[in-house]
Every structure is written in structure tokens, then in C-alpha cells.
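Working through the structure, step by step
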Amino acid sequence: MPILFTQYWDVMPGKFEEYASFISREYIPALQKMGIRLVGGYYVKIGEGPRIVAVATVDEADNLRRTISSREYRILSARLLEYVWKYSNKIYIPTGRIEEGPYRIQTGVWKLNHYYNILQGMEVEHLRFIKEEFVPALKELNIPLTGGWLLIVGSGPRILGECTAKGVLAIAEAIDTSLYRRMMRTLKNKYITDYSTRILAPTGRVEVPYLLNEMMKNF
């Protein structure tokens, strides 16, 4: 079962250049060697911070537990904290409410993420609404729901609904429709609580190295 490991932080004032070099040359390659595969790097365009979101996957929860307990990971994390602050992390597993394939690197995409808790006693009705109305509506609006995740480690709402769009314009056009507003009113008024959302823009720090590696395979 795939595990989503998300990290959040802000860059310390005056350390951006050193931070950028460390992330590209040391942090990302070291995580890859440890089996933590970075699949997305984003900054929060709209919504609560911290501003940087790093998204990674591992194959099993036990593998992640062993990795983050290792001496190598602790040293790497200490190095990261030389450049960032407000650090936190969360671990998610799939909810199983939507059809999902392997979580791969998505180049140049934006995210519209929904965070919430399901009202007690409304689990069945919430699932029916998501499958029969919410997912088809988001697909029609060109911001499909591409991930449904359940928080198992970390603080905050337990459900993460991850929508993917080609750009901020696609998100803006979608949320300015009567269909989107109707779906959100129904979701928030009938089935959920503790709702919040974020619009995430790609940083390019994960996608660009990936694209370069793919290009080099042709040489």
C-alpha cells in the first residue's frame, strides 16, 4: 500500500540561496537513496502556511518508520533545519474512496487540496456523495480528484482530497462556477466539518531534475 509522506516548512530569512543549493544537491538525492521518493514540490499560493510542501511516497509504513528512525535521516533532517523553520510532517494512507494508481511525479501541475473531517454518523452518505456527485463534477470542471488520503500521523483534519489542474487559470475557472459552489455547499453543509483548502503551485525543484533525467535516457 502506498504511503504519502508530506513535509512542510518556511525558508529562513536570508538563507534562500544556501537552502536552494542544499535541497537540489543534497536533500532530494539523499531521500531518494533512502527510499523516500519525492514526487512533488509545491509552495502555498492560497491558504495557510507553512509555504513549502514537499510530497514523497514510500511503499510501506514500516519502511518509512525504519528510514526516519535511522541515523542518516536524523543527520539529514538536522541539516535541513539549518535553513528552514516551522517544520512539520504528516503521513497519509489512501482512503480507498477513489480509484488510484501509483503516485508518480506530475510535471507542471497545480493542486487544489481539500482538508476536512467527516461528520460522525455520515460516513456512508459522505462516501455516496463523493462517488456519485463530487468526483464526476470535478472531472467535468477539469480539476479531477486524483487522490483521497487519510491522515494517520500528524495533526489536522483527517481527510485530504487532492485535485489536480493544468494551471491556476483552470482552478480559477472551476471554482467560479455554479456547479462547484453547489458541490461545496452540499459537502460542507451535510457531510463534513473543520474544512480548509490550499492552492499549491509547483516549485520545479522536483520536476526539473526528473525531466532532465528522462531526457538523458534518450542520449
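A brief structural summary. (Residues numbered from 1 in each chain as written. Predicted model: local features only at pLDDT ≥ 70, side-chain atom pairs only at ≥ 80, totals over all residues. Heavy atoms only, no water.)

**Some remarks on helix H6 (residues 178–191)**
- Over its 14 residues, H6 extends 19 Å from the first C-alpha to the last, a length consistent with the 20 Å expected when each residue adds 1.5 Å.
- Restricting attention to buried positions, one finds in H6 the residues Leu-179, Tyr-180, Met-183, Met-184, Leu-187 and Tyr-191. What you see down the axis of H6 is that its buried residues fit within an arc of 130 degrees, all on one side. Within H6, the exposed residues directed more than 90 degrees away from the buried face are Ser-178 and Asn-189.
- Where H6 is buried, its residues touch strand S5 (110–118), helix H4 (123–140), helix H5 (168–175) and strand S8 (192–202). (Helix = DSSP H or I, 4+ residues; strand = E, 2+ residues; numbered from the N terminus. Expected span 1.5 Å × (residues − 1). Buried < 20%, exposed > 50% of the residue type's maximum accessible area, 1.4 Å probe, protein only. Arc of directions from axis to C-beta. Contact = heavy atoms within 4.5 Å.)

**Section: the sheet that holds strand S7 (residues 159–165)**
- Read around the barrel, 8 strands follow the order S1-S3-S2-S8-S5-S7-S6-S4 and close on themselves; strand pairing throughout is antiparallel. Between one strand and the next, the sheet's axes are offset by a mean angle of 35 degrees, whatever the strand orientation.
- Both strand S6 (residues 145–153) and S7 contribute to a ladder of 5 bridges, which runs antiparallel. When the sheet's bridge partners are listed, Leu-145 is paired in S7 with Cys-163.
- Contacts from helix H1 (residues 16–34) reach strand S1 (3–11), strand S2 (37–46), strand S3 (52–58) and strand S4 (84–94), with the element oriented near 165 degrees to S1.
- The strands touched by helix H2 (residues 61–68) within the sheet are S1, S3 and S4, with S1 carrying the most contacts at an inclination of about 40 degrees. (Pairing = 2+ DSSP bridges. Axes fitted to C-alpha atoms, helices over the stretch in contact; angles between N-to-C directions.)

**A short note on the packing of aromatic side chains**
- All told, the structure shown has 8 aromatic pairs when counted by the stated rule.
- With centroids separated by 6.2 Å and ring planes inclined at 15 degrees, the aromatic side chains of Trp-9 and Tyr-87 adopt a geometry described as stacked. Taken as a pair, Trp-9 in strand S1 and Tyr-87 in strand S4 lie far apart in primary sequence, 78 residues in all.
- Looking at Trp-9, the relative accessible area reads 2%, which means it is buried.
- In this structure Tyr-87 comes out as partly exposed when scored by relative accessible area, which is 28%.
- Relative to Phe-134, the ring of Phe-129 has its centre 5.9 Å away and its plane inclined at 35 degrees; by these criteria the two rings are tilted.
- The exposure class of Phe-129 is buried, given its relative accessible area of 2%.
- For Phe-134, a relative accessible area of 3% puts it in the buried group.
- Through pairs of rings, three or more aromatic residues link up here, namely Trp-9, Phe-16, Tyr-19, Phe-22, Tyr-27, Tyr-83 and Tyr-87.
- Just above the ring of Trp-85 sits the side chain of Lys-86; from NZ or CZ to the centre is 4.7 Å.
- The ring of Tyr-8 has Lys-90 sitting right over it, with the charged end atom 5.6 Å from the ring centre. (Phe/Tyr/Trp six-rings, centres within 6.5 Å; stacked < 30°, edge-to-face > 60°. Lys NZ or Arg CZ within 6 Å of the ring centre and 35° of its normal.)

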